[in-house]
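If you want the building blocks of each chain, they are given just below.
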Amino acid sequence: MLHYFDLKRPKKLGLSIADQRQRWLREFLKAFLVVFFVYFSMYLIRNNLSAAQPLLVKDGISTTQLGWIGYGFSLAYGIGKTVLGYVVDGKNTKRFMSFLLILAALMTLIIGVALLMNHAPVGLILVLWSLNGVFQSPGGSASLSTISRWTTTTTRGRYIGIWNISHEFGGAVAGVIALWGANHLFAGNVGGMFIFPAIIGLIIGFWGLFYGADDPQELGWDASEVIFGETISSADQTASSMSKWDIFKTFVMKSPWVWLLCIANVFVYVVRIGIVNWAPLYTVQQLHFTVAQGANTLLLFQLGGIIGSVVWGWFSDVLKGRRAVVSIICLALTAFVVLGYRYGTTPMMINTSLFFLGMLIYGPQLLIGVAVISFVPKNALNVSDGLTGTFAYIFGDLMAQVGFAAIADPKANGLSFLGMTLHGWNDTFIVFYIAVVLSIIMLAIIAIGEEKRIRQQLKLEK
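Residues numbered from 1 in each chain as written. Predicted model: local features only at pLDDT ≥ 70, side-chain atom pairs only at ≥ 80, totals over all residues. Heavy atoms only, no water.

**Q** Run through the overall build of the protein chain, naming residues and quoting values.
**A** From N to C terminus, the protein chain includes 19 helices and 2 strands. Across the protein chain, contacts joining residues at least 24 apart in sequence account for 81% of those joining residues at least 6 apart. As presented, the protein chain carries roughly 19400 Å² of accessible surface, and 69% of it is formed by carbon and sulfur atoms. (Helix = DSSP H or I, 4+ residues; strand = E, 2+ residues; numbered from the N terminus. Contact = heavy atoms within 4.5 Å. Areas by Shrake-Rupley, 256 points an atom, 1.4 Å probe, with all protein chains shown as cover.)

Following this line, the structure appears as C-alpha cells:
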C-alpha cells in the first residue's frame, strides 16, 4: 500500500515549455485546492473541541481533564510533525495528507459516536484526540511541499500566503459548523459536534486522494523550475542521488540554518500564542471589558492574520525570496504596535492594535516555513518544516501557555527569570519584548545565509 503514496514519474509527454506554461495554472489549482481544503478540514476537527468544552463540562468532564486532552493533542502534534514529516518526505504529499485527514476524521468520529452513546471515558477521548493530533501533524508541511513543487522561489510566497488563509478560516468557522451539526442533526447532543465535522473531513479526504497531481512531473511535464526558467537549486541536484537518511543527515541535522529557524520559530510562537491564547482573558481581567468584548479581540487578530499572510508572502516574492528580511521588518513593527495593546484602554484601541499585531506576527509565522524551503531539498522539506513546528509546539507552547499563566495568575507567585520575579499582566509584556528581540537576532543571522544563497542563484541564472 505504501507504493500508493509514491511520486509517479511517467514518461515525458514532450510538451513544449510554452504549452506547459499555458496549462500550468489549471493543473496547479487542482493541487492547491486539495491542500487548501484538506488543511481547512483539519481545523474543523481540531478547533471543534474548544467549542464543545462547555457541553463536555456539563456532561461531567472537568476543566483539568479537558486541559490534559488538549495537551495530549499538542504533544502528539509536536512530536508527529518531525516523525511523520520524515515519513512523508519524498512521497506524494497531497495524497498522503488526504489519507491522514481520513484517519484523523475517523478518530473524531469515534469520539462523537461514543459521546452520543453516553459511553466516552476520558481516557478514551484522550487517546483518540492525541491520535488525531498525530495524524494532523504533517498537514502544514505537506501543503508547503506540494505548493513548492508547483512553484518557483520568486512566486511561492504569494501562493503559500493565500493557502495560509485555510487554517485561519477553518479555525474561525469550526465552532459554528460543529454547533450547527449538533443542533440540527443530533438534537443538541455534544457528540454531534464531533460527528458532523468528521463527516466533512472524510468527504474532503477521499476527494483529495484522487483529484490533481502532486507536482508537474507526475503529468509527464518538466519540473516547475524548468517550466519557468529558474535554476534548480544545488541542494535538489545533490539530493537526487542520495538516500532519504543521507538527505536528512546532510541537509537537516547538519544544517545550521534549519536549527536557527527552529529557535526563531519558538520565539515567534511565544508572541503569537501569547496573544491569541490570552487576549480575551487579559482584556476582561486587566481592562474590565465584557466577556463579549474580550471574545471579539480574537476575531480582529485573526482577520489581521489573514491579510498579513497574503501581503507578506507577496512582498517576500517581490524581494526575490528574502523571507528573513521581511520577517525582521514585521517583528520590528510588532515591537512598536504592541505598545497600543499594552497601553490601550478602550475596545477601539485594543482591537485596532490586535488587528495590526495579527497582520504583522503572521508574517514571520508564515515566512519561517517558506524560508526552510530555500535551505533544504524538496525531499527534506516536510521533516525540516516539521522540526521547526516541533520546537514551537514543545518549547514555545510551554512558555506561551504555562509560563504566561504563571506570570498572569493573581493567585500564583509569579515566574522567576534572570534574578527577577515576573508577576501580573504587565510583566507578560517583558516576555513579549524579549521574544521579539531574540527572534530578530536569529532571523538577522538567517538573512545573511539567505542573501548568499540568492546571490549565488542569480549568478547561475545569468
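**Q** Before we move on, could you go through the environment of F37 and cite the residues and values that matter?
**A** Residue placement: F37 occurs in helix 1 (residues 17-44). Along the sequence, F37 and G205 sit 168 residues apart, while their C-alpha atoms lie 9.0 Å from each other. Setting aside its immediate chain neighbours within four residues, F37 contacts I204 and W207.

**Q** Before we move on, can you summarise the packing of aromatic side chains with the specific residues and values?
**A** Considering all chains together, one arrives at 29 aromatic pairs under this definition. Taken together, a centroid distance of 6.2 Å and an interplanar angle of 80° make the contact between W150 and W221 edge-to-face. Here W150, found in helix 6 (residues 139-150), pairs with W221, found in the loop between helix 9 (192-210) and helix 10 (224-227); they are 71 residues apart in sequence, far enough to count as distant. We note that W150, like W221, is buried. The residue whose ring lies beneath R95 is Y4, and the NZ or CZ to ring-centre distance is 4.4 Å. Sitting above the plane of the Y343 ring, R342 keeps its charged end 4.4 Å from the centroid. (Phe/Tyr/Trp six-rings, centres within 6.5 Å; stacked < 30°, edge-to-face > 60°. Buried < 20%, exposed > 50% of the residue type's maximum accessible area, 1.4 Å probe, protein only. Lys NZ or Arg CZ within 6 Å of the ring centre and 35° of its normal.)

**Q** Break down a nonpolar patch on the surface for me, with residues and values.
**A** There is a patch of nonpolar side chains on the surface, built from W68, Y71, L75, I79, V83, I394 and F395 and spanning about 690 Å² of accessible area. Those elements giving two or more residues to the nonpolar patch turn out to be helix 3 (63-88) and helix 18 (381-408). Here the element with the most residues in the nonpolar patch is helix 3; it accounts for 5 residues. By the element assignment, F395 lies in helix 18. (Patch = residues over 30% accessible without salt bridge, like charges linked within 9 Å, V, L, I, M, F, W, Y side chains within 5 Å. Salt bridge = Lys/Arg side-chain N within 4 Å of Asp/Glu carboxyl O.)

**Q** An account of the pattern of salt bridges is requested, with residue identities and associated values reported.
**A** Under the definition given, this model contains 10 salt bridges. Two residues, E27 and K30, come together in a salt bridge whose shortest N-O distance is 3.5 Å. Here E27 and its partner K30 are both found in helix 1, 3 residues apart, which amounts to about one turn of the helix. According to the relative accessible area criterion, K30 is partly exposed, its value standing at 22%. Each of R158, D317 and R323 takes part in one network of salt bridges that share partners.

**Q** Tell me about the environment of G386, and please be specific about residues and values.
**A** Among the secondary structure elements, G386 is positioned in helix 18. On the basis of relative accessible area, G386 is assigned to the buried category, the value being 0%. Sequence-wise, G386 and L84 are 302 residues apart; in three dimensions their C-alpha atoms are separated by 8.3 Å. Excluding its chain neighbours within four sequence positions, the residues that come into contact with G386 are K81, T82 and S141.

**Q** I'd like a rundown of the nonpolar core, residues and numbers included.
**A** Among the nonpolar cores identified, the biggest contains 120 residues, and L56, F194 and Y341 are the most heavily contacted of them. With 16 residues, the top contributor of residues to this core is helix 17 (residues 347-375). Those residues in contact with F194 that lie beyond four places of it in its chain are N48, L49, A52, L56, T108, I111, G112, L115 and W129. (Core = buried A, V, L, I, M, F, W, Y, C linked by side-chain atoms within 4.5 Å.)

**Q** Can you break down the confidence of the model for the protein chain residue by residue, with the values?
**A** Averaged over the protein chain, the pLDDT score is 84; the fraction of residues at 70 or greater is 90%. Element-level pLDDT for the protein chain is lowest in strand 1 (residues 415-417), with a mean of 62, against a maximum mean of 96 in helix 9. (pLDDT = per-residue confidence, 0-100.)

**Q** Could you give an account of unusual backbone geometry, naming the residues involved and the relevant values?
**A** Backbone geometry places N118, a non-glycine residue, at a positive phi of 60°. Note that N118 resides in the loop between helix 4 (93-116) and helix 5 (122-136). According to the relative accessible area criterion, N118 is exposed, its value standing at 70%. Even without being glycine, A187 reaches a positive phi, approximately 55°.

**Q** Please provide a residue-by-residue account of the side chain of S145, values included.
**A** Mapped onto the elements, S145 comes out in helix 6. Setting aside its immediate chain neighbours within four residues, S145 contacts T93, K378, L381 and N382.

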